[in-house]
Amino acid sequence: MTTLLRGRLLSFHRAPDNLADTASYLYEEDGGLLVEDGRILKVGSYTDVKAAAPEGAQEVDHRPHLILPGFIDMHVHFPQMQVIASYAANLLEWLNTYTFPEECRFVESAHAARIATHFYDEFLRQGTTTAVAYCSVHKTSADAFFAEAMRRNMLMVGGKVMMDRNAPQGLLDTPQLGYDETRAVIEQWHGKGRNHVAITPRFAITSTPEQMGAAQALAKEFPDLHIQTHLSENHEEIRYTCELYPEAADYTDIYARYGLLGNKTLLGHAIHLSEREADVLSETGSVAVHCPTSNLFLGSGLFPLKALARREKPVRIGVATDIGGGSSYSMLKTMDEAYKIQQLLGERLNPLNSFYRMTRGNAEALSLVDRIGTLEEGTDADLVVLNASATPAMRLRMETVSTLPEELFLLQTLGDDRSVVETYVAGAAMKPQS
Ligand code: GUN
Ligand code: ZN
């Protein structure tokens, strides 16, 4: 089936240097997007694309709304949908009091399947078409996660968490079991539909050195897979981690010693890095994943996004919700909070850069920009349609908006799922109705 979408198109070619950097993006005021077999066949002005469209192509007119690549969320926890909004003093208390007990429930396939349905409904409601997720330690949770992704034809990255200490018994594997079950998840799901499996040692606190060795073996056997873990989120966590691995120079060095750093490695949080650690991330091409609503909610700290990005040895950066430490599923709200964190650090995060990060930036950080994150021809037609006048307050404010960056900033500051008119997955309209 061929579909012709009409609307205001926005897609980034590269990271915008500043608000005047119009060469960094494509913006078509009256644009057309021809979609066939889940891919973008042609992009340009509506007149040009219409002329190239086959007879009988179904036309959907989204004017005056914006059509962007679907949002990408680089770090979420699939089993934490019922952990969001839990009242805790800090990360370790939050994990032990709420998160670990909740994740124990995912040993039950029926529970995992039920939450998977809600999980994808919620992400599609928010305009997010790709997420990078931690499942629980149980293979059942990864099975539910990937089965539902396939059903919806979504490009998802996820992994069975490996954890063999410092958590309740119901949430522990062993070095061998973590290895075997991760292998089984890879064999069963990687490359099926649009699924990508990630090697997922939760963090150094919950993995023994033997299990880190097992993760290293998997990384060697499957060098193309993503690796995800957590790094330097909270001062107490850092202190305890370094006690557990006294031979390592610092937290980052633990992962380096087990061969877990590289350009497919995604490190959640990475807030409190030394210069040495930032150098190591830069040199290995590892990605620091910023989770602003979580960092504020758990009181973890202020991630120096701008400072890390402008270093002589820049650190690659992704952005994410970190559900359920995070407090919103919305990537718009996520960048609103990211903006405020930079404000507190005396830095500016401009709205073009924010929208770049939610789309192409995260696709680059995932090394998946050939498939997602842009409106380029030949890539997958994962899209979000946004309305900057979705609520009375937004409509009123829009009366005084005259530029694209102003409109984007308004969307980021006041927008949420009400601003998402439609979400397309591989060309199919998928936003849940309620
Ligand atoms: N560190 C280890 N596990 C977690 C988790 O589930 N959430 C957050 N925010 N940090 C973690
Ligand atoms: Zn996390």
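Residues numbered from 1 in each chain as written. Chains lettered and ligands numbered in written order. Predicted model: local features only at pLDDT ≥ 70, side-chain atom pairs only at ≥ 80, totals over all residues. Heavy atoms only, no water.

Visitor: Would you take a moment to explain the packing of helix α4 (residues 139–152) against helix α5 (residues 175–189) for this structure?
Guide: When two helices pack together, their arrangement is given by the angle between the helix axes and the distance between those axes. The N-to-C vectors of α4 and α5 enclose an angle of 15°; their axes lie 10 Å apart at closest approach. Of the possible angle classes, the one that applies to α4 and α5 is roughly parallel. Here α4 and α5 pass one another in a crossing that is right-handed. In contact with K139, A142, D143, F146, A147 and M150 of α4, α5 contributes E181, A184, V185, Q188 and W189. Its residues assigned to classes, the contact of α4 with α5 shows 7 nonpolar, 1 polar and 3 charged. (Axes fitted to C-alpha atoms, helices over the stretch in contact; angles between N-to-C directions. Helix = DSSP H or I, 4+ residues; strand = E, 2+ residues; numbered from the N terminus. Parallel < 35°, antiparallel > 145°, perpendicular 65-115°, else oblique. Left-handed = near helix turned anticlockwise from the far one by under 90°. Contact = heavy atoms within 4.5 Å. Nonpolar A, V, L, I, M, F, W, Y, C, P; charged D, E, K, R; others polar.)

Visitor: Got a minute to help me understand the pattern of salt bridges in this structure?
Guide: Here the idea is simple: oppositely charged side chains can pair when their charged atoms come close. Scanning the model with the defined rule gives 34 salt bridges in all. The shortest N-O distance in the salt bridge between E148 and R152 comes to 2.9 Å. With a gap of 4 residues between them, E148 and R152 both fall in helix α4, about one helical turn apart. Like R152, E148 is buried. Here R360 ties to E376 by a salt bridge, and the two come within 3.2 Å at their closest N and O atoms. Here the residue R360 occupies a position in helix α13 (residues 351–365), and E376 occupies one in the loop between α13 and β14 (383–386), the gap between them amounting to 16 residues. The network of salt bridges with shared partners includes R39, R194, R371, D380 and D382. (Salt bridge = Lys/Arg side-chain N within 4 Å of Asp/Glu carboxyl O. Buried < 20%, exposed > 50% of the residue type's maximum accessible area, 1.4 Å probe, protein only.)

Visitor: What's the story with the coordination of the zinc ion (ligand 2) in this structure? I'm lost.
Guide: Octahedral metals with six donors have ideal donor angles of 90 or 180 degrees. Tetrahedral metals with four donors have an ideal donor angle of 109.5 degrees. Binding of the zinc ion (ligand 2) to the protein goes through H75 (NE2), H77 (NE2), H230 (NE2) and D322 (OD), at separations of 2.0 to 2.7 Å. The site at the zinc ion (ligand 2) holds 4 donor atoms, and with the angles between them running 87 to 164°, its shape is irregular. Mapped onto the sequence, the donors of the zinc ion (ligand 2) take the spacing H-x1-H-x152-H-x91-D. (Donors = N, O, S within 2.8 Å, 3.2 Å for Na, K, Ca; no water. Tetrahedral: all angles 85-135°; square planar, octahedral: opposite > 155°, others 65-115°.)

Visitor: Where do I start with the pairing of strand β6 (residues 128–134) in this structure?
Guide: When a strand is regular, its side chains alternate between the sheet's two faces. Taken across its 7 residues, β6 has 7 buried, putting it largely inside the fold. Taken together, the 5 bridges between strand β5 (residues 71–77) and β6 define a ladder with parallel strand orientation. Pairing of D73 across the sheet is with A131, part of β6. Bridging between β6 and strand β7 (residues 157–159) involves 3 bridges; their strand directions are parallel. When the sheet's bridge partners are listed, A133 is paired in β7 with G158. (Pairing = 2+ DSSP bridges.)

Visitor: What am I meant to see in α4 here?
Guide: Taking 1.5 Å per residue as the helical rise, α4 with its 14 residues ought to reach 20 Å, and the 20 Å between its terminal C-alpha atoms agrees with that figure. Turning to α4, its buried residues are K139, S141, A142, A144, F145, F146, E148, A149 and R152. Buried residues belonging to α4 abut α3 (109–125), β6, β7, α5, β9 (196–201) and β15 (420–425). Backbone geometry just after α4 places N153 at a positive phi near 60°. (Expected span 1.5 Å × (residues − 1).)

Visitor: What is the right way to read the environment of G259 from this model?
Guide: Inspection of the secondary structure puts G259 in the loop between α8 (251–257) and β11 (265–269). For G259, a relative accessible area of 41% corresponds to the partly exposed category. It is 8.9 Å that separates the C-alpha atoms of G259 and G213, two residues lying 46 residues apart in sequence.

Visitor: I'm lost on empty space enclosed by the protein in this one. Help?
Guide: Take a probe with the size of a water molecule and roll it over the atoms, and the empty space left behind shows itself. According to the stated counting rule, one finds 1 cavity of 30 Å³ or more in the structure shown. Of the voids in this model, the largest cavity is the one considered here, and its volume is about 100 Å³. Looking at the largest cavity, the residues that line it are H77, Q80, L91, W94, L95, R202, F203, H230, E233, H269 and D322. Each residue belonging to the lining of the largest cavity can be placed in one class, and the counts come to 4 nonpolar, 4 polar and 3 charged. (1 Å grid on protein atoms, 1.4 Å probe; cavity = no way out; pocket = protein on both sides within 12 Å on 5 of 7 lines; lining within 4 Å. Points joined across faces, edges and corners; volume = space filled by probe spheres on them.)

Visitor: Is there a simple way to explain the state of the cysteines in this structure?
Guide: Covalent bonding between the sulfur atoms of two cysteines is what defines a disulfide. Counted by the stated rule, this structure contains 0 disulfides. Residue C291 stays outside any disulfide, its sulfur separated by 16 Å from that of C135, the closest cysteine. (Disulfide = S-S within 2.5 Å.)

Visitor: How should I be thinking about the packing of aromatic side chains in this particular structure?
Guide: Aromatic ring pairs: the centre-centre distance and the angle between the two ring planes describe each pair. Considering all chains together, one arrives at 15 aromatic pairs under this definition. Aromatic pair F119 and Y120: ring centres 5.2 Å apart, planes at 85°, arrangement edge-to-face. Residue classification places Y120 among the buried positions, given a relative accessible area of 0%. Aromatic pair F119 and F123: ring centres 4.5 Å apart, planes at 45°, arrangement tilted. On the criterion of helical spacing, the pair formed by F119 and F123 is a turn pair, its members being 4 residues apart in helix α3. Judged by its relative accessible area of 0%, F119 falls in the buried class. Taken together, the ring pairs in this structure connect F78, F106, F119, Y120, F123, F145, F146, W189 and Y329 into an aromatic cluster. (Phe/Tyr/Trp six-rings, centres within 6.5 Å; stacked < 30°, edge-to-face > 60°.)

Visitor: Got a minute to help me understand the site of ligand 1 in this structure?
Guide: Ligand 1 sits among H77, Q80, L91, W94, L95, R202, F203, H230, E233, H269 and D322. Take H269: an N or O atom from its side chain is 3.4 Å from a nitrogen atom of ligand 1. For ligand 1, whose free accessible area comes to 280 Å², the fraction covered by protein is 100%. Spatially, ligand 1 is embedded in the largest cavity. Sort the elements by how many residues they give to the shell around ligand 1 and helix α2 (residues 91–104) lands first, with 3 residues. Among the residues making up the shell around ligand 1, the classes are represented as 4 nonpolar, 4 polar and 3 charged. (Near = heavy atom within 4 Å. Polar contact = N/O pair within 3.5 Å; in protein donor to acceptor, adjacent residues only side chain to side chain. Areas by Shrake-Rupley, 256 points an atom, 1.4 Å probe, with all protein chains shown as cover. Sits in = over half its atoms within 2 Å of the grid points.)

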